[in-house]
Amino acid sequence: MSRDRTTAMLLVAAAVLLATVPFAPQWLVFLLTLALAKGLVVLGLVVLMRTGLVSFGQGLYFGLGAYAAALLGARAGLLDAAAMILAGVVAAAAVAAVLGLLMARYRDIFFAMLSLALSMILYGLLVKSSALGSTDGFNLHAKSFAGIVLSGGTERRVFYAVAVVAAAAAAWGVHRYLASHYGRLATAIRDNELRVEYLGTSVFRVVYANYVVAAALAGLGGAFAALAVGHVDPETVYWTTSGEFVFIAVLGGTGNVAAPFLGAAIFEAVRTIGNQYAPNVWQMTLGIVMLLLILFLPSGLWSLVAKRVRT
Amino acid sequence: MNPVLVASGVNKSFGAVIAAADLNIAIERESIVGLIGANGAGKTTFVNMVTGYLKPTTGSIRFDGHELTRLEPRRVTQLGVSRSFQIPQLFNSLSVRENLLVAVGIVAAAAHAWAHSDLTPARADGATDEMLERFGLGAYRDRPAGLLPEGVRKLLDVAMGLVTRPRVLLLDEPTSGVSADEKFAIMDLVMAAVRGADVTVLFVEHDMDVIARYAARVLAFADGRIIADGAPADVLRDPEVRRYVIGEADAHA
């Protein structure tokens with residue numbers, strides 16, 4: 001049963017990552033926390049891609065999640081990590097619930113460009129709003145966990161552990177969703193909307209639901225990223241950030257719910273190493289990685305793992 | 001007579017092209033009706049209007065007391081009218097079994113919306129295997145629908161239409177693109193599936209042997225009008241039908 005295998009694999013992966021919490025060097029803790037945050041956004045993209053949609057504007061919800069979490073902490077003074085993360089998810093899902101009414105009517109390049117346009121509108125608003133720090137954004141201070149405030153290094157480790165648990169739970173939830181009737185229905189919609197309508201169900205409703213789910217996951221990832229970095233700025237909403245998520249989706253592959261996290265970890269590692277050894281050409285490094293990937297591993301890095309698991 | 005489907009005064013035009021000109025049709029319950037006519041005569045337009053894909057310019061189409069012309073295809077399906085397509089509409093990346101599972105799943109997940117159905121999510125797997133068995137699709141169950149031979153695609157397309165337990169089933173050229181010896185096999189399976197189940201069948205067909213063998217009544221279309229309506233033997237002998245539909249050059253010589 002591939003379903004049980006995925007569940008088991010998620011449990012093992014989460015256990016391995018949790019085991020590294022006390023020992024991993026700080027740079028790795030930070031890198032992996034950020035990778036898990038971005039992996040969550042890409043997990044949402046995978047749900048959309050199953051439905052046949054590619055969003056080049058997922059930064060909209062990533063940024064909304066980041067800003068909502070940061071605002072709750074820095075402006076409302078509520079520094080509880082759980083509350084801030086919840087605020088990120090709710091803000092993203094609420095906006096998606098409205099914009100989804102429009103977006104769920106579009107497909108293909110129209111969906112992709114419209115999602116990009118909406119994200120750039122928010123970018124424009126953030127850049128212009130001096131109350132939110134314009135292009136500089138603003139910092140947020142130490143978060144607390146259930147009322148307990150920890151020292152810097154310990155706090156980052158605990159937060160990393162929280163991210164591992166959240167990512168594993170989200171991946172498992174999406175896995176169960178995609179393995180259910182509704183996951184199959186998403187693929188059916190990608191293949192043939194006409195037939196789905198003629199079978200007596202609403203294509204719009206399924207696309208809408210998946211759009212909101214993807215946005216909620218992006219908001220969750222955005223909140224984690226904001227709390228990990230301790231800073232938010234309009235860059236979170238910018239189209240290059242959205243492009244990064246699509247890049248990671250292609251890098252990891254869309255065949256398994258763990259693939260986005262693998263892709264995000266490799267992406268962050270390439271970026272970190274590239275920045276260190278060849279700071280001015282790291283985009284070129286990414287470009288070359290992408291080219292090689294499309295030529296030799298069109299189903300993403302996950303296909304390397306899948307080959308080993310299946311045999 | 002107790003008609004299950006009634007079209008009255010139905011007109012449809014696409015710009016200057018008239019696809020339906022004052023159609024008045026009453027279809028009796030549990031009858032098997034063949035629709036014939038040359039390409040462009042208005043057969044598929046009629047099927048599309050009944051199933052909500054096209055709205056008539058004027059006129060009404062009623063199924064069992066429900067006005068269908070204002071409804072979306074999914075509502076028409078839920079009421080108990082379903083169809084197959086001339087070009088099979090399948091989920092090409094899904095296997096044959098998954099295609100049927102999607103269909104069964106939709107019906108089972110929204111049982112409350114349906115006119116009549118005993119499907120529940122718990123029964124989905126069993127119901128899917130029943131359909132595979134009944135339509136002889138077992139040998140292809142794990143093959144992606146996109147890689148099937150045309151005859152099997154046609155069969156799967158018809159099976160998908162039957163999953164929703166329709167009371168009126170419209171088949172758009174169920175035997176086109178299928179080898180001569182498979183034509184009767186497909187129709188036999190359809191007839192076996194609907195027998196005794198209170199299903200009315202309308203099928204668009206170009207093969208007059210299939211019409212003569214399965215239809216109890218034939219409607220002949222030409223230029224959006226019905227030019228003949230009756231038993232197959234009578235309609236197929238009609239000089240206008242022979243000229244416009246069957247295309248005999250010497251029909252009126």
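Residues numbered from 1 in each chain as written. Chains lettered and ligands numbered in written order. Predicted model: local features only at pLDDT ≥ 70, side-chain atom pairs only at ≥ 80, totals over all residues.

**Structural notes on the overall build of chain A**
Within chain A, the secondary structure is distributed over 13 helices and 4 strands. Taken over the C-alpha trace, chain A has a radius of gyration of 19 Å; the compact-globule value for 311 residues is 19 Å, and the two agree within 12%. Taken over the C-alpha atoms alone, chain A extends approximately 55 × 45 × 40 Å along its principal axes. Counting across all 311 residues of chain A, residues that qualify as buried make up 46%. (Helix = DSSP H or I, 4+ residues; strand = E, 2+ residues; numbered from the N terminus. Rg over C-alpha atoms; globule rule 2.2 N^0.38 Å. Buried ≥ 20, exposed ≤ 12 C-beta atoms within 10 Å, placed from the backbone.)

**Examining the overall build of chain B**
Each helix and strand counted, chain B has 9 helices and 10 strands in total. Relative to the globule expectation of 18 Å for 253 residues, the C-alpha radius of gyration of chain B, 18 Å, shows essentially globular dimensions. Along the first, second and third principal axes, the C-alpha set of chain B runs to 60 × 40 × 35 Å.

**Looking at the sheet that holds strand 5 (residues 66-67) of chain B**
Residue and element names in this part refer to chain B. Sheet architecture is open: 4 strands sit in the order 2-1-4-5, paired in antiparallel fashion. One side of each edge strand has no neighbouring strand; the edge strands of this open sheet are strand 2 (17-28) and strand 5. Summarising the sheet, strand 4 (residues 58-63) and strand 5 pair through 2 bridges and their orientation is antiparallel. Bridge pairing in strand 5 links R62 to E67. (Pairing = 2+ DSSP bridges.)

**A look at the pairing of strand 2 of chain B**
Residue and element names in this part refer to chain B. In the sheet, strand 1 (residues 3-14) pairs with strand 2 via 8 bridges, with the strands oriented antiparallel. Along strand 2, the bridge assignment pairs L5 with I27. In this structure, the hairpin formed by strand 1 and strand 2 is closed by a connection of 2 residues, where G15 is found at a positive phi of approximately 60°.

**Structural notes on the interface of chain B and chain A**
Each partner contributes to the interface: chain B provides 23 residues, whereas chain A provides 15 residues. Broken down by secondary-structure element, the contributors of at least two residues to the side of chain B that touches chain A are helix 2 (73-79), strand 6 (81-84) and helix 3 (96-109) of chain B. When residues of the side of chain B that touches chain A are assigned to their parent elements, the largest contribution, 8 residues, is made by helix 3 of chain B. For the side of chain B that touches chain A, a count of residues per class yields 12 nonpolar, 8 polar and 3 charged. (Contact = placed C-beta atoms within 7 Å. Nonpolar A, V, L, I, M, F, W, Y, C, P; charged D, E, K, R; others polar.)

**Regarding the environment of B:D64**
Residue and element names in this part refer to chain B. Relative to the helices and strands, D64 resides in the loop between strand 4 and strand 5. Take D64: there are 16 C-beta atoms within 10 Å of it, and that puts it in the partly exposed class. Distance from D64 to L79, taken between C-alpha atoms, is 9.2 Å for residues 15 residues apart in sequence.

**Points about the packing of helix 5 (residues 150-163) of chain B against helix 6 (residues 180-194) of chain B**
Residues and elements named next belong to chain B. At a closest axis distance of 11 Å, the pairing of helix 5 and helix 6 adopts a crossing angle of 15°. On the basis of their axis angle, the class for helix 5 and helix 6 is roughly parallel. The interaxial crossing formed by helix 5 with helix 6 has right-handed handedness. Mapping the contact onto sequence places G151, K154, L155, V158 and L162 in helix 5 and E182, I186, L189, V190 and A193 in helix 6. Looking at the contact of helix 5 with helix 6, its residues break down into 7 nonpolar, 1 polar and 2 charged. (Axes fitted to C-alpha atoms, helices over the stretch in contact; angles between N-to-C directions. Parallel < 35°, antiparallel > 145°, perpendicular 65-115°, else oblique. Left-handed = near helix turned anticlockwise from the far one by under 90°.)

**Observations concerning the sheet that holds strand 3 (residues 32-37) of chain B**
Remark on secondary structure: sheet strands pair via backbone hydrogen bonds, oriented parallel or antiparallel. Residue and element names in this part refer to chain B. Spatial ordering of the open sheet is given by 6-7-8-3-9-10, a layout of 6 strands whose pairing is mixed. With partners counted over all chains shown, the strands left at the sheet margins are strand 6 and strand 10 (225-230), one partner each. Geometrically, the sheet is characterised by an average inter-axis angle of 20° between neighbouring strands, direction not taken into account. As judged from the 4 bridges shared by strand 6 and strand 7 (residues 168-172), these two strands associate in the parallel manner. Bridging from a neighbouring strand, S82 pairs with L169 of strand 7. Strands in contact with helix 5 are strand 6 and strand 7; relative to strand 6, the strand with the most contacts, it is inclined by about 170°. Sitting on the sheet, helix 9 (residues 239-246) touches strand 3, strand 9 (217-222) and strand 10, and the angle it makes with strand 10 is about 125°.

**Some points on the pairing of strand 10 of chain B**
Within a regular strand, the side chains alternate between the two sheet faces. Residue and element names in this part refer to chain B. In terms of strand pairing, strand 9 meets strand 10 through 5 bridges, oriented antiparallel. Counterpart to A222 in the pairing with strand 10 is R225. Hairpin connection between strand 9 and strand 10: a loop of 2 residues separates the two successive antiparallel strands, and D223 in this loop has a positive phi of roughly 50°.

**Considering helix 9 of chain B**
All names here are of chain B. Turning to helix 9, its buried residues number three or more, namely V241, Y244 and V245. Angular distribution of buried residues about the axis of helix 9 spans 90°; they occupy a single face of the element. Contacts made by the buried residues of helix 9 are with strand 3, strand 9, strand 10 and helix 8 (232-237). (Arc of directions from axis to C-beta.)

**Considering the confidence of the model for chain B**
Here chain B averages 88 in pLDDT, while 94% of its residues score no lower than 70. Across the whole predicted complex the pTM is 0.90, and at the interface the ipTM reaches 0.90. (pLDDT = per-residue confidence, 0-100.)

**Notes on the packing of helix 10 (residues 239-252) of chain A against helix 11 (residues 259-277) of chain A**
Residues and elements named next belong to chain A. Between helix 10 and helix 11, the least distance of the axes is 8 Å, while the angle of their chain directions is 110°. Here helix 11 runs roughly perpendicular to helix 10, going by the angle between their axes. Here the hand of the crossing between helix 10 and helix 11 comes out right-handed. When helix 10 is examined against helix 11, the residues F247, I248, A249, L251 and G252 are found in contact with a partner set consisting of A259, P260, L262, G263, A264, I266 and F267. Here the contact of helix 10 with helix 11 is built from residues that sort into 10 nonpolar, 2 polar and no charged.

**Side note on the environment of A:L36**
Residues and elements named next belong to chain A. In this structure, L36 sits in helix 2 (residues 26-50). C-beta crowding within 10 Å serves as the criterion here: with 29 such atoms nearby, L36 is assigned to the buried category. Separated by 185 residues in the primary sequence, L36 and G221 have C-alpha atoms spaced 7.6 Å apart. Beyond its immediate stretch of four places on either side in the chain, L36 contacts A163, V164, A167, F224 and F261.

**Observations regarding the confidence of the model for chain A**
Residue-level pLDDT values for chain A average 90, and 98% of them are 70 or greater. No element of chain A has a lower mean pLDDT than helix 13 (residues 302-310) of chain A, at 73, and none a higher one than helix 9 (residues 203-229) of chain A, at 96.

**Examining helix 2 of chain A**
For the α-helix, the turn length of 3.6 residues means that residues three or four positions removed from each other point alike. Residue and element names in this part refer to chain A. The end-to-end C-alpha separation of helix 2 is 36 Å, in line with the 36 Å expected for 25 residues at 1.5 Å each. For helix 2, the buried fraction is high: 21 of the 25 residues fall into the buried class. Looking one or two residues beyond helix 2, the residue adopting positive phi is G52, at roughly 90°. (Expected span 1.5 Å × (residues − 1).)

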